[in-house]
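# Breakdown of the fold
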Amino acid sequence: MQSPAPAPAAQQSDTTGMGPPNPDLSALPPRIRRELRASHVGETVAVALYDGVAGATSDPEVLRFAASHRRVERRHLRLFEAVLPPERRSALLAFWRWSGRVMGGLPAWLGPPYFYAVVAGVEAWVDGHYARQIDLARRLAPDPGLLTLLEACRLDERLHARDAARLDPAPPWTARALAGVAVFLSGVGVRVARWV
Ligand SMILES: [Fe+2]
């Protein structure tokens, strides 16, 4: 069941107007650099996920939701691109973009309950991913700008998960199962992106 549309996420974003941090990458522990590469991949996938919606559905609410959230994810990606020069990014970005388009396009094609369930599941997982990164950065590399970026992105992802869950609070089990697969693959993707 669909409830009234949420406020546009772009207006709620915690990264609006934020400038990129400028950490000394060579001074960061390798583990933190790997985490930054994984998050750059995650934001690349997020933009591609919402890109994948456009050709997969004509549902106006889904299209509006995707366009609004894409603006926020694009801002996240630009911030991580500013932190991480091309030579430190994943070598598999073309694959990550393709996988993101599938992750958005397939559920959008199946229908709004599938799309919102996948977004709610994946964004909630990303919330936890950023929480673990924030904890790690506080312990290993407490750069204030980096922590601010991670915390702001985390808040945005929480808002996205909430928006999606509100639009379809009781998805069918098939949609929940698809979301579970997407969450599992997100975990696998992050593990790979830390290294490649
Ligand atoms: Fe994001």
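Residues numbered from 1 in each chain as written. Predicted model: local features only at pLDDT ≥ 70, side-chain atom pairs only at ≥ 80, totals over all residues. Heavy atoms only, no water.

## Some points on the overall build of the chain
Stated precisely, the cut-off is as follows: Helical segments are the DSSP runs of H or I of at least four residues, strand segments are the runs of E of at least two, and each set is numbered from the N terminus. It is over C-alpha atoms that the radius of gyration is taken, and the globule rule equals 2.2 Å times the number of residues to the power 0.38.
Across its full length, the chain holds 7 helices and 0 strands. Going from N to C terminus, the chain has its helices and strands arranged as α-α-α-α-α-α-α. At 16 Å, the chain has a C-alpha radius of gyration in line with the 16 Å of a compact globule built from 196 residues. With the C-alpha coordinates aligned to their principal axes, the bounding extent of the chain is approximately 50 × 30 × 25 Å.

## Points about the nonpolar core
How we decide: We call a set of buried residues a nonpolar core when its members are Ala, Val, Leu, Ile, Met, Phe, Trp, Tyr or Cys and they connect through side-chain atoms within 4.5 Å of each other. Think of it in three bands: residues with accessible area under 20% of the maximum for their type are buried, residues over 50% are exposed, and the middle band is partly exposed, with areas taken using a 1.4 Å probe on protein chains only.
Judged by nonpolar contacts, the single largest core of 41 residues is most densely connected at Ile-32, Leu-36, Phe-65 and Phe-115. When residues of this core are traced back to their parent elements, those giving at least two are helix H2 (30-51), helix H3 (60-83), helix H4 (93-110), helix H5 (112-140), helix H6 (144-167) and helix H7 (173-193). The dominant element in this core, judged by the number of residues it contributes, is H5, at 12 residues. Val-41, Val-45, Val-190 and Ala-193 belong to the second-largest nonpolar core, a separate cluster that totals 7 residues.

## Points about H3
Going by this rule: In this scheme, a helix's expected span is set at 1.5 Å multiplied by one less than its residue total. What qualifies as a polar contact is a pair of N or O atoms within 3.5 Å, subject to a donor-acceptor requirement within protein and to the restriction that residues adjacent in sequence count only when both atoms come from side chains.
For H3, built from 24 residues, the straight-helix expectation of 34 Å at 1.5 Å per residue is met to within 8% by its first-to-last C-alpha distance of 35 Å. Two or three places before Glu-61, at the opening of H3, Asp-59 has a side-chain oxygen 3.0 Å from that residue's backbone nitrogen.

## Side note on the side chain of Glu-123
Applied cut-off: As used throughout, the charge tally considers Lys and Arg to be positive and Asp and Glu to be negative, leaving His and the chain termini uncounted. Each reported salt bridge corresponds to a side-chain nitrogen of Lys or Arg within 4 Å of a carboxyl oxygen of Asp or Glu.
Following the sequence through the fold, Glu-123 ends up in helix H5. One buried charged residue, Glu-123, forms no salt bridge at all, with the nearest opposite charge on Arg-158 at 11 Å. Within the local environment of Glu-123, its side chain forms a polar contact with the side chain of His-160, the two groups lying 3.0 Å apart.

## Some points on the packing of aromatic side chains
Operational definition: Here a Phe, Tyr or Trp ring, Trp counted by its six-membered ring, pairs with any other such ring whose centre lies within 6.5 Å, and the pair is stacked when the planes are under 30 degrees apart, edge-to-face when over 60, and tilted otherwise.
Going through the model one piece at a time under the given rule, you end up with 7 aromatic pairs. An aromatic cluster is present here, built from Tyr-50, Phe-65, Phe-115 and Tyr-116 joined pairwise through their rings.

## Focus: the pattern of salt bridges
This structure, assessed with the given rule, holds 8 salt bridges. One salt bridge in this structure joins Glu-35 and Arg-194, with 2.7 Å as the shortest N-O distance. Note that Glu-35 is positioned in helix H2 and Arg-194 in the segment after H7, a separation of 159 residues in sequence. What makes Glu-35 buried here is its relative accessible area of 10%. Across the salt bridge formed by Arg-162 and Asp-163, the nearest N and O atoms sit 3.4 Å from each other. With a relative accessible area of 30%, Arg-162 lands in the partly exposed category.

## Regarding the packing of H5 against H7
Put simply, the rule reads: Every axis in this analysis is a line fitted to C-alpha atoms, fitted for helices over the stretch in contact. Angles between the N-to-C directions lie between 0 and 180 degrees. The handedness criterion is simple: a crossing whose near helix is rotated anticlockwise from the far helix by less than a right angle is left-handed, and one whose near helix is rotated clockwise is right-handed. Only heavy atoms matter for contacts: two residues are in contact if any of them lie within 4.5 Å across the pair. Charged means Asp, Glu, Lys or Arg here, nonpolar means Ala, Val, Leu, Ile, Met, Phe, Trp, Tyr, Cys or Pro, and polar covers whatever is left, Gly included.
It is at 8 Å that the axes of H5 and H7 come closest, and there the two elements cross at 35°. Of the two elements, H5 crosses H7, and the hand of that crossing is right-handed. Residue-level inspection shows Pro-113, Tyr-114, Ala-117, Val-118, Gly-121, Val-122, Trp-125 and His-129 of H5 in contact with H7, the latter providing Thr-174, Ala-175, Leu-178, Ala-179, Ala-182, Val-183, Ser-186, Gly-187 and Val-190. Of the residues in the contact of H5 with H7, the class split is 12 nonpolar, 5 polar and no charged.

## Observations concerning the coordination of the iron ion
Stated formally: A donor here means any N, O or S atom no more than 2.8 Å from the metal (3.2 Å for Na, K and Ca); water is not included, so a site may seem to lack partners.
The iron ion binds to the protein through Glu-43 (OE), Glu-43 (OE), Glu-73 (OE), His-76 (ND1) and Glu-157 (OE); the donor distances cover 1.9 to 2.6 Å. For the iron ion, the donor residues sit on a single chain with the sequence spacing E-x29-E-x2-H-x80-E. With Glu-73 and His-76 both in helix H3 and 3 residues apart, this pair spans about one turn of that helix. Summarising the burial analysis for this pair, Glu-73 and His-76 share the class buried.

## With respect to the packing of H5 against H6
Note the cut-off: Any angle that falls under 35 degrees is termed roughly parallel, while one over 145 is termed roughly antiparallel, one within 65 to 115 roughly perpendicular, and all others oblique.
It is at 8 Å that the axes of H5 and H6 come closest, and there the two elements cross at 160°. As summarised for this structure, H5 and H6 are arranged roughly antiparallel, according to the angle between their axes. Here the hand of the crossing between H5 and H6 comes out left-handed. Its residues assigned to classes, the contact of H5 with H6 comprises 16 nonpolar, 2 polar and 7 charged.

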